[in-house]
Amino acid sequence: MGKNIYVPQLSKNLEELKIRIKDVINAVTSDMISNLSNSDTKQLRFFCPNNCGKSYKIKRSVGRHLKFKCGVEPTFECWICHKRFALKESMKKHVVQKHN
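Per chain, residue numbering runs from 1 following the sequence as it is written. It should be noted that, the model being predicted, local features are given only for residues of pLDDT at least 70 and side-chain atom pairs only at 80 or more, the latter also being counted only at that level, while totals for whole chains, interfaces and linings use all residues. Where side-chain values are given, they derive from all heavy atoms of the structure, hydrogens and water being excluded.

In the nomenclature of an unreviewed UniProt entry, the protein corresponds to Zinc finger protein 2-like from the organism Aphis craccivora.

So this is what it looks like as structure tokens:
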């Protein structure tokens, strides 16, 4: 088998390409949104790229979903009953509602 060879210039070019692709996607998305009518933007949804079926009205909510929920084990645990939650706010709400 061949060895993996690190090529700094190639690695740098790939990172730059990833950044440019992300910028283009954001620009196209922004242009598409700005060209929509007011009634269209109310129906606009941002879907999870993992095809889990979740969609959100706000684009940054997809990032939050990917970071904390989609395919990720719940991080936050109730210190009283040890139930686990994906979001810290959900765990705090649980403690107030169930253990107060």
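## Description of the overall build of the protein
The criterion, for reference: Helix numbers and strand numbers start at the N terminus; a helix is a DSSP run of H or I with at least 4 residues, a strand a run of E with at least 2. Each residue gets one of three labels from its accessible area relative to the maximum for its type: buried under 20%, exposed over 50%, partly exposed in between, using a 1.4 Å probe on protein chains only. By the convention used here, residues are in contact when the closest approach between their heavy atoms is within 4.5 Å. All accessible-area figures derive from a Shrake-Rupley calculation using a 1.4 Å probe, and residue coverage is judged against the displayed protein chains alone.
Counting its regular elements, the protein contains four helices and four strands. Sequence-ordered secondary structure for the protein, helices as α and strands as β, is α-α-β-β-α-β-β-α. Here the protein, with 100 residues, has 14% of them falling under the buried criterion. Here the contacts in the protein between residues at least 6 apart in sequence split such that 4% fall between residues at least 24 apart. For the protein, the accessible surface area stands at approximately 8600 Å², while carbon and sulfur atoms represent 57% of it.

## Observations regarding the UniProt feature "domain: C2H2-type" (unreviewed entry) in the protein
Rules: UniProt positions are given in the numbering used here, feature names are shortened, and annotations may be inferred rather than shown by experiment.
UniProt tags residues 46-74 and 76-100 as "domain: C2H2-type" (unreviewed entry). With 34% helix and 14% strand, residues 46-74 has end C-alpha atoms that lie 23 Å from one another. Regarding residues 76-100, the helix share stands at 48% and the strand share at 16%, and the terminal C-alpha atoms are separated by 19 Å.

## Here's the deal with unusual backbone geometry
One non-glycine residue with positive phi stands out, namely Asn51, at about 55°. With respect to the secondary-structure elements, Asn51 resides in the loop between strand S1 (46-47) and strand S2 (55-56). Residue Asn51 is classed as exposed on the basis of its relative accessible area of 72%. The phi dihedral of His82 is positive, around 65°, even though this residue is not glycine. Structurally, His82 is set in the loop between strand S3 (76-77) and strand S4 (84-85).

## A closer look at the side chain of His94
Considering the arrangement of structural elements, one finds His94 in helix H4 (residues 88-99). Classification of His94 by relative accessible area gives buried; the value is 10%. Leaving out residues up to four positions away in the same chain, His94 has contacts with Cys78, Cys81, Lys83, Phe85 and His99.

## A short note on H4
Our working definition: Multiplying 1.5 Å by the residue count of a helix minus one yields the expected span of that helix. It is the directions from the helix axis to the C-beta atoms that the arc portrays.
Compared with the 16 Å implied by 1.5 Å per residue over 12 residues, the 16 Å span of H4 between its first and last C-alpha is a close match. Every buried residue of H4 is listed here: Met91, His94 and Val95. End-on, the buried residues of H4 take up no more than an arc of 100°, which puts them together on one face. Across from the buried face of H4, at angles greater than 90 degrees, the exposed residues are Lys93, Val96 and Gln97. Summarising the contacts, the buried residues of H4 are in contact with S3 and S4.

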